[in-house]
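Observations on the model geometry
Here's the letter readout for the chains.
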Amino acid sequence: MSDTRRRVKVYTLNEDRQWDDRGTGHVSSSFVERLKGISLLVRAESDGSLLLESKISPNTAYQKQQDTLIVWSEADNYDLALSFQEKAGCDEIWEKICQVQGKDPALDITQDPIDESEEERFEEIPETSHLVELPPCELSRLEEIADLVTSVLSSPIRREKLALALMSEGYIKKLLGLFRVCEDLDNREGLHHLYEIVRGVLFLNKAALFEVMFSDDCIMDVVGCLEYDPALVQPKRHREFLTKTAKFKEVIPITDSELRQKIHQTYRVQYIQDIILPTPSVFEENFLSTLTSFIFFNKVEIVSMLQEDEKFLTEVFAQLTDEATEDSKRRELVNFVKEFCAFSQTLQPQNRDAFFKTLANLGILPALEIVMGMDDLQVRAAATDIFSYLVEFSPSMVREFVMQEPQQTDDDVLLINVVIKQMICDSDPELGGAVQLMGLLRTLIDPENMLASTNKTEKTEFLSFFYKYCMHVLTAPLLMSCLIQYNNSLSNLGNALFVDNFQTAQLLALILELLTFCVEHHTYHIKTYIMNKDLLRRVLVLMNSKHTFLALCALRFMRRIIGLKDEYYNRYIIKGNLFEPVINALLDNGTRYNLLNSAIIELFEFIKEDIKSLIAHIVDNFYKALESIEYVQTFKGLKGRYEQEKDRQSQRLNRSTALVGLVDYPDDEDEEEDEEEEEQSPRKRPRLSS
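Note that this is a predicted model, so its numbers are computed, not measured. (Residues numbered from 1 in each chain as written. Predicted model: local features only at pLDDT ≥ 70, side-chain atom pairs only at ≥ 80, totals over all residues. Heavy atoms only, no water.)

1. Looking at the packing of helix α12 (residues 310-321) against helix α13 (residues 327-344)
Put simply, α12 and α13 touch, their axes get as near as 9 Å, and they point 135 degrees apart. It follows from the interaxial angle that α12 and α13 lie oblique. Along this stretch, α12 crosses α13, giving a crossing that reads as left-handed. Where α12 approaches α13, its residues F312, L313, V316, Q319, L320 and T321 are matched on the opposing element by K329, R330, L333, V334, F336, V337 and F340. By residue class, the composition of the contact of α12 with α13 is nine nonpolar, two polar and two charged. (Axes fitted to C-alpha atoms, helices over the stretch in contact; angles between N-to-C directions. Helix = DSSP H or I, 4+ residues; strand = E, 2+ residues; numbered from the N terminus. Parallel < 35°, antiparallel > 145°, perpendicular 65-115°, else oblique. Left-handed = near helix turned anticlockwise from the far one by under 90°. Contact = heavy atoms within 4.5 Å. Nonpolar A, V, L, I, M, F, W, Y, C, P; charged D, E, K, R; others polar.)

What follows is the structure, given as structure tokens:
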């Protein structure tokens, strides 16, 4: 059947207690001979492949949640969920499950899985049955109710029986009525018992109970009960925070009351899970898995409802990009988009693709150019988070946008340059934002994620664009710092070094890390840039920095260049005498055995293996300064390689001379024969000129 009623998403719960999407298809129920029973079958809507084949076992516990979800455990620690597109389809399959198990479809739960030995064990305990007989819901019985609730948590069957009793008698609302009475009377003992009761009911992990507890009528009373933790001297004021401090801001009025209610509910339930409830113990860690599922599927529903409201989103982006929008309003809008993107992570892949394409069509990227350039730090941080979602989703989409920009704007406001400038101007002493942005830039300039593009010219076109319009912005702080450092060192003003500022040194290290990545992955473009700007010489000035980590970054940049074994680079290094600052740093370091010393030695060890031109250059120009270093054999090894190569060249020269001496002039009588051989052979014999 292909109607929308039966259209479902299949989810499995992973080891981190997060739901993984396994695909979308259509569900049916039929007898499967191999499984010897009625089974649930889900076939993918894309290719008809089997996404799920699950026998409806008489002892499997199924739960119906939120009218469109059916959740169950297939085996130990393997939970499954079917999320239906329509309530009618969920009801239809639920009735089939209940029919097979002989259960009442009016209930939203069947039973917990229990093996025979556990059933027998409970049957042997005579008082088992009375554990689920709820005392009258009265103030004088609260301690008894609290003891009952906490006593069942260690047993699946007793948790199940208690949950059924609580649902069937409308007990939750009666308890919350007692809470209001206790609070009016300031009955702290009763309030402490209610805390234990409500916390225990949450740990029953039952979706049907959550539907009652998290309804508009009940949720604030549930929060109120959880304020009175007996371990606290004074109760927390969670309700005050939720009603007064945490104001719900509609950046654009939401006309759908169901959507507004779902947003309120999700925020409050998330607050209960993250803030109010204490971190569960090892014993309790699986008690709230259904609560996690409740929040997850609420978020899926919210994103879907918002995305379908084209008028709402269009208005959001219109105001976000309108120059007349006030800064405070724009701040609210960008925070909304950030939360919207965060919620989208709950969507299945194909729906997430559609979500980000919708944002792109609405103009999310030009909007980010505006908000990332604002002075407000919170706005810029939120915009950076949005940008990271977009880059993670599709680097190609971002690259395509920025390559179209030069036609209508100048370099200063290009999106990538805005990102680079925000990285450079990060005021955080730890450069947290700069590190995040550097990672995003590396993703954008990484050829590895350009290869899968349908546009085969993307790599060439984008790298040409980046080096023409953006590379000078990225390297500007580096080149300026190197110039200042160089001039200061000439003037013996060592204490005035620009890079002595630790934060600036960190920034330069980040830029060098990105340039080192370019050396490894961009070949032609970065080589041209290095040669034209004499970049390596300017970077090696940083070997003088008192910040060892920055000197190491400069050395790593050179090491990556030499690691390519490219003779163009080698000739550039030789011509510029660029080993001098490295060798000076080694000599200045003395006999200290540290990271800088090890890194420089490793560089020369690598060269010693087979880079003949560099070996000759180093020995010819620096060996006198290096021969006194005897704690490693690196430089003696370089000299040995150098001499071996000279011997080989000498031997080759001698052999060539000897071969020339062996060549005789031909006799006259052999000339005719020789000419015939020459006509038949494409290679002529060597001859000496007279």
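Moving on from the coordinates now.
2. Quick notes on the packing of helix α15 (residues 364-372) against helix α17 (residues 395-404)
For the pair α15 and α17, the least separation of the axes is 10 Å and the interaxial angle reads 70 degrees. If you check the angle between α15 and α17, you find them roughly perpendicular. The residues of α17 that touch α15, namely those facing L365, P366 and E369, are M397, V398 and F401. Looking at the contact of α15 with α17 residue by residue, the class counts come to five nonpolar, no polar and one charged.

3. Re unusual backbone geometry
The phi dihedral of D186 falls on the positive side, at around 55 degrees, and the residue is not glycine. Here D186 lies in the loop between α5 (171-185) and α6 (188-203). Taking relative accessible area as the criterion, D186 reaches 49% and is therefore assigned partly exposed. Even without glycine at this site, T523 takes up a positive phi of about 45 degrees. In this fold, T523 is placed in the loop between α22 (502-522) and α23 (524-533). (Buried < 20%, exposed > 50% of the residue type's maximum accessible area, 1.4 Å probe, protein only.)

4. Observations concerning empty space enclosed by the protein
Taken as a whole and judged by the stated rule, the model has one cavity of 30 Å³ or more. Of the volumes computed, that of the largest cavity is approximately 50 Å³. Looking at the largest cavity, the residues that line it are I172, L175, L176, I197, V198, V201, M213 and V222. Those elements giving two or more residues to the lining of the largest cavity turn out to be α5 and α6. Along the lines of polarity and charge, the residues of the lining of the largest cavity split into eight nonpolar, no polar and no charged. (1 Å grid on protein atoms, 1.4 Å probe; cavity = no way out; pocket = protein on both sides within 12 Å on 5 of 7 lines; lining within 4 Å. Points joined across faces, edges and corners; volume = space filled by probe spheres on them.)

5. Quick word on the pairing of strand β1 (residues 7-13)
The element β1 is extensively covered by neighbouring structure, given that six of its seven residues are classed as buried. For β1 and strand β2 (residues 19-32), the ladder comprises seven bridges, and the chain directions are antiparallel. Counterpart to V10 in the pairing with β2 is G23. As defined by bridge partners, β1 adjoins strand β7 (residues 78-84) across five bridges and the pair is classed as antiparallel. Bridged to T12 within β7 is L80. (Pairing = 2+ DSSP bridges.)

6. Some thoughts on the pattern of salt bridges
Pairing between side chains becomes possible if they bear opposite charge and their charged atoms approach one another. In the structure shown here, the tally under the stated rule is 27 salt bridges. One salt bridge connects E33 with K36, and the closest N-O pair in it is separated by 2.8 Å. With relative accessibility at 52%, the residue E33 sits in the exposed group. Among the salt bridges present, the one from K565 reaches D610, with a minimum N-O distance of 3.5 Å. Highlighted residues: K565 in the loop between α25 (548-563) and α26 (567-575) and D610 in helix α28 (residues 595-610), separated in sequence by 45 residues. Among the residues examined, D610 registers a relative accessible area of 40% and is labelled partly exposed. Three or more residues are tied together by salt bridges with common partners; here these are K64, K87 and D91. (Salt bridge = Lys/Arg side-chain N within 4 Å of Asp/Glu carboxyl O.)

7. Some points on the side chain of E227
With respect to the element layout, E227 can be found in the loop between α8 (219-225) and α9 (238-245). For E227, the side chain forms a polar contact with the main-chain nitrogen of H238, separated by 3.1 Å. When sequence neighbours within four positions are dropped, the list of residues in contact with E227 reads L232, P235, K236, R237, H238 and R239. (Polar contact = N/O pair within 3.5 Å; in protein donor to acceptor, adjacent residues only side chain to side chain.)

8. Thoughts on α13
End to end, α13 covers 26 Å across 18 residues, agreeing with the expected 26 Å (1.5 Å per residue, within 8%). For α13, the full list of buried residues reads R330, L333, V334, F336, V337, F340, C341 and S344. Projected down its long axis, α13 carries its buried residues within an arc of 155 degrees, all on one side. Where α13 is buried, its residues contact α11 (289-308), α12, α14 (349-362), α15 and α16 (377-393). (Expected span 1.5 Å × (residues − 1). Arc of directions from axis to C-beta.)

9. Section: the confidence of the model for the chain
The predicted model of the chain has a mean per-residue pLDDT of 83, with 85% of residues at 70 or higher. In the predicted structure, residues 112-131 sits below a pLDDT of 50 and forms 17 contacts with residues beyond four places in sequence or in another chain. Confidence drops under a pLDDT of 50 for residues 669-690, and excluding neighbours within four residues, the segment shows twelve contacts in the predicted structure. (pLDDT = per-residue confidence, 0-100.)

10. Topic: the nonpolar core
Nonpolar side chains tend toward joint burial in soluble globular proteins. Counting residues in each nonpolar core, the largest one holds 141 residues, and the members touching the most others are L368, L512, F557, I562, F579, F604 and I607. For this core, the element with the highest residue contribution is α22, accounting for twelve residues. For this core, the domains that each give at least three residues are domain 1 (4-101) and domain 2 (141-279). (Core = buried A, V, L, I, M, F, W, Y, C linked by side-chain atoms within 4.5 Å. Domains from an automatic or database assignment.)

11. Some points on the pairing of strand β3 (residues 37-44)
Within β3, six of the eight residues are buried, leaving the element largely enclosed by the surrounding structure. Sheet analysis places β2 next to β3, joined by eight bridges and oriented antiparallel. Bridge assignment links F31 to a residue of β3, and that residue is I38. A loop of four residues connects β2 with β3, the two strands running antiparallel in sequence, and K36 in this loop sits at a positive phi of about 60 degrees. When β3 meets strand β4 (residues 50-55), the two strands line up antiparallel, connected through five bridges. Counterpart to L41 in the pairing with β4 is E53. In this structure, the hairpin formed by β3 and β4 is closed by a connection of five residues, where G48 is found at a positive phi of approximately 80 degrees.

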